[in-house]
Amino acid sequence: MYNNKPLGIFDSGVGGTSIWKEIHSLLPFENTIYLADSKNAPYGYKSVDEIISLSIKNTELLLEMGCKIIVVACNTATTNAISILRQKFNVPIIGIEPAIKPAALKTQSKNIGILATKGTLNSSLFMSTSGEVTNDISIIEVIGEGLVPLIEEGNIDSDETIMLLKKYLQPMLKANIDYLVLGCSHYPYLIPQLKKLLPENVSIIDSGEAIARQTKNILDLYNLASLSKEKPKLQFFTNSEINVLRKFLIDYSNKVTIKNLAF
Ligand code: DGL
């Protein structure tokens, strides 16, 4: 019975649906509840205290809804709040961090780029992770200012988005990167645009698949995996524009429910 409780997933908005898709693809029978806190997006420019209190609010709501584990599908919330969430709540909490280490292991040019929010790049967790990368590798960090609001508006293909991406990639290309790490769960939605702007030798890494595998491992470890083989209940809640969230879930429209909720 306990095992069929939902997985709780939250993000500052629609971006974490990129993570939800990976989780659902690996764990298709798990019930899920996703909270899109779009009303408070972007988290990337909030203070650490604000990010922590929003993360606590989202986690409390998911636990009230009966979730068995929490996936923080937001790099900014993970890098600023996960240790507090783990201290405060007595359920497994999985977070998402920029995939700096895999990129550092693979790079040939010894230069890797990371595009993330200000909140992630300034966090002590990110600084300690990037500090562990060996000295012979340069990490070119760029804040993706303005990208999250554009994605939240559904403006993925706009001239403004392309202009910003060009600007953010410029110092990375100048530094001869061969790996681009996407350190924000919103950014996988920009991969088609990024591919058009990047030379062929630059690979893009995001953390979606890794977090889905980690979620499966944690469910197995704690004996929390669902035993059901029935159609799962896939619930999405947003505290903002429902149509934007719907657009990001268009391929799943016959499977999911999307509702407004004041939180
Ligand atoms: N999806 C969040 C992340 O992964 C976006 C942060 C924001 O709202 O600024 O960092």
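Thresholds, definitions, all that
- Residues numbered from 1 in each chain as written.
- Predicted model: local features only at pLDDT ≥ 70, side-chain atom pairs only at ≥ 80, totals over all residues.
- Heavy atoms only, no water.
- Near = heavy atom within 4 Å.
- Polar contact = N/O pair within 3.5 Å; in protein donor to acceptor, adjacent residues only side chain to side chain.
- Areas by Shrake-Rupley, 256 points an atom, 1.4 Å probe, with all protein chains shown as cover.
- Helix = DSSP H or I, 4+ residues; strand = E, 2+ residues; numbered from the N terminus.
- Buried < 20%, exposed > 50% of the residue type's maximum accessible area, 1.4 Å probe, protein only.
- Contact = heavy atoms within 4.5 Å.
- Phe/Tyr/Trp six-rings, centres within 6.5 Å; stacked < 30°, edge-to-face > 60°.
- Salt bridge = Lys/Arg side-chain N within 4 Å of Asp/Glu carboxyl O.
- Pairing = 2+ DSSP bridges.
- Axes fitted to C-alpha atoms, helices over the stretch in contact; angles between N-to-C directions.

Visitor: So what about the site of the ligand? Which residues, and what values?
Guide: Neighbouring the ligand are 13 residues; Ser12, Tyr43, Gly44, Thr76 and His186 lie closest to it. Contact distances for the ligand include 2.9 Å between a nitrogen atom and a side-chain N or O atom of aspartate 11. The separation between an oxygen atom of the ligand and a polar main-chain atom of tyrosine 43 is 2.7 Å. Coverage of the ligand by the protein amounts to 99% of the 300 Å² it exposes when considered alone.

Visitor: Provide a residue-level description of the side chain of asparagine 40, including the pertinent values.
Guide: Along the chain, asparagine 40 turns up in the loop between strand S2 (32-36) and helix H2 (48-64). With relative accessibility at 17%, the residue asparagine 40 sits in the buried group. Within the structure, the side chain of asparagine 40 is placed 2.8 Å from the side chain of aspartate 37, a separation counted as a polar contact. If we ignore the near neighbours within four places in the chain, the residues touching asparagine 40 are Lys46, Leu54, Lys57 and Asn239.

Visitor: So, the packing of aromatic side chains: which residues are in play, and what are the values?
Guide: Taken as a whole and judged by the stated rule, the model has 4 aromatic pairs. Between tyrosine 189 and phenylalanine 248, the ring centres sit 4.7 Å apart and the planes meet at 70 degrees, which makes this aromatic pair edge-to-face. With a gap of 59 residues between them, tyrosine 189 in the loop between strand S7 (179-183) and helix H9 (191-197) and phenylalanine 248 in helix H11 (residues 242-248) connect regions that are remote in the sequence. Take tyrosine 189 and phenylalanine 248: they sit in the same class, and that class is buried. Ring pairs connect the aromatic residues Trp20, Tyr34, Phe236 and Tyr252, which therefore count as one cluster.

Visitor: Give a detailed account of the pattern of salt bridges, specifying residues and quantitative values.
Guide: By the definition in use, this model includes 6 salt bridges. One salt bridge in this structure joins lysine 101 and glutamate 132, with 2.7 Å as the shortest N-O distance. Separated by 31 residues along the polypeptide, lysine 101 in helix H4 (residues 100-106) and glutamate 132 in the loop between helix H6 (124-131) and strand S6 (138-143) bring together distant segments of the chain. In this structure lysine 101 comes out as partly exposed when scored by relative accessible area, which is 40%. Close ionic contact of lysine 110 with aspartate 136 constitutes a salt bridge, the shortest N to O distance being 3.7 Å. One end of the pair, lysine 110, is in the loop between H4 and strand S5 (111-116); the other, aspartate 136, is in the loop between H6 and S6, and 26 residues separate them in sequence. Overall, the relative accessible area of 35% leaves lysine 110 in the partly exposed class. For aspartate 136, a relative accessible area of 45% translates into the label partly exposed.

Visitor: Quick one: what's the story with the sheet that holds strand S9 (residues 234-238), residue by residue and with numbers?
Guide: Note: strands within a sheet are paired through backbone hydrogen bonds, in either parallel or antiparallel orientation. Strand order in this open sheet of 6 strands is S4-S3-S1-S2-S9-S10, and the pairing throughout is parallel. Strands at the two margins of the open sheet, each flanked by one partner only, are strand S4 (93-95) and strand S10 (256-260). Taken over all neighbouring pairs, the strand axes of this sheet differ in orientation by 20 degrees on average, direction set aside. Judged from the 4 bridges that link them, strand S1 (residues 7-11) and strand S3 (residues 69-72) form a sheet pairing that is parallel. Bridge pairing in S3 places leucine 7 opposite isoleucine 69. Strand contacts of helix H1 (residues 17-26): S1, S2, S3, S9 and S10, with the helix running at about 175 degrees to S9, the strand carrying the most contacts.

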